[in-house]
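Structure at a glance
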Amino acid sequence: GTVWTGLYGGGLRKLSEGRWTTYTTANDLADDQVFSITQDREGSLWIGTRRGLNRLVDGQFTTFTTEHGLPHDNIKALHVDSKGVLWVGTRGGGLARYLYDEFIPFEIEQELTANQKLVYSIHEDEDGVLWFGTFGGLIRHEDGRSDIFTIREGLHDDAAYQILEDGRGNLW
């Protein structure tokens, strides 16, 4: 198998057959600070950086930014859901989905605070519910409805950097 690693300032690294390959801005990576990596159903690798989102297909990078419909260029979280939709979490612009070859801003019925637009993690639980970890709480999204959980609703802290589901379906 192949292992991909995103580095803070060192670009993207690939370990394959015991050899490392490094990709940086010299190879058309948007930025050398890589915060997130995911792979879609077609095998494309998506890389979130400080200065845009890259898609790597057949060794070629394509860069997407706000000019292509992203709500912000600083990409912190990526997730491909069970329906094959790419979710993009940004540092300051909230969320977007990549559908039909375009980025669509994701909006919920509640007004989000600036901290809730700092998205650091995206998780889909075993029931298909999407969870977004933000600097302003945890957002739960199911069937077009979203709920926001903060200290007021029982979180220990509003900053939810990571989300993990254990074997019993509990979120951590």
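Residues numbered from 1 in each chain as written. Predicted model: local features only at pLDDT ≥ 70, side-chain atom pairs only at ≥ 80, totals over all residues. Heavy atoms only, no water.

1. Quick notes on the sheet that holds strand 9 (residues 86-90)
Read across the open sheet, the 4 strands follow the order 8-9-10-11; overall the sheet is antiparallel. Of all the strands in the sheet, just strand 8 (75-80) and strand 11 (102-106) have a single pairing partner and so form its edges. Along the sheet, successive strands turn relative to each other by an average axial angle of 25°, direction set aside. Inspection of the sheet shows strand 8 paired to strand 9 by 5 bridges, in the antiparallel sense. Following the sheet pairing, Ile75 is matched in strand 9 by Thr90. (Pairing = 2+ DSSP bridges. Helix = DSSP H or I, 4+ residues; strand = E, 2+ residues; numbered from the N terminus. Axes fitted to C-alpha atoms, helices over the stretch in contact; angles between N-to-C directions.)

2. Description of the sheet that holds strand 3 (residues 19-23)
Reading across from one edge, 1-2-3 is the order of the 3 strands in this open sheet, with antiparallel pairing throughout. Edge strands, defined here as strands with exactly one partner in the open sheet, are strand 1 (2-7) and strand 3. On average, each strand axis in the sheet is tilted by 20° relative to the strand beside it, whichever way the strands run. Here strand 1 runs beside strand 2 (residues 11-16); their pairing, made up of 6 bridges, is antiparallel. If you follow Val3 over to strand 2, its bridge partner there is Leu15.

3. Some details on unusual backbone geometry
Despite not being glycine, Asp58 shows a phi value in the positive range, around 50°. Looking at the element boundaries, Asp58 is found in the loop between strand 6 (52-57) and strand 7 (60-64). For Asp58, a relative accessible area of 77% corresponds to the exposed category. A positive phi is found at Asp101, a non-glycine position, where the angle reads about 65°. Among the secondary structure elements, Asp101 is positioned in the loop between strand 10 (95-99) and strand 11. A relative accessible area of 66% places Asp101 in the exposed class. (Buried < 20%, exposed > 50% of the residue type's maximum accessible area, 1.4 Å probe, protein only.)

4. Regarding the packing of aromatic side chains
Scanning the model with the defined rule gives 14 aromatic pairs in all. Positioned above the aromatic ring of Phe35 is the side chain of Lys76, whose terminal nitrogen or guanidinium carbon lies 3.4 Å from the ring centre. (Phe/Tyr/Trp six-rings, centres within 6.5 Å; stacked < 30°, edge-to-face > 60°. Lys NZ or Arg CZ within 6 Å of the ring centre and 35° of its normal.)

5. A short note on the pairing of strand 3
Across 5 bridges, strand 2 lies against strand 3 in antiparallel orientation. Paired with Arg13 across the two strands is Thr22, which belongs to strand 3. Taken together, strand 2 and the strand that follows it, strand 3, pair antiparallel across an intervening segment of 2 residues, in which Glu17 is found at a positive phi of about 55°.

6. Focus: the pattern of salt bridges
This structure, assessed with the given rule, holds 4 salt bridges. Linking Asp31 and Arg50 is a salt bridge whose minimum nitrogen-to-oxygen distance equals 3.2 Å. Of this pair, Asp31 sits in the loop between strand 3 and strand 4 (34-39) while Arg50 sits in the loop between strand 5 (45-49) and strand 6, and the two are 19 residues apart along the sequence. Taking relative accessible area as the criterion, Asp31 reaches 3% and is therefore assigned buried. (Salt bridge = Lys/Arg side-chain N within 4 Å of Asp/Glu carboxyl O.)

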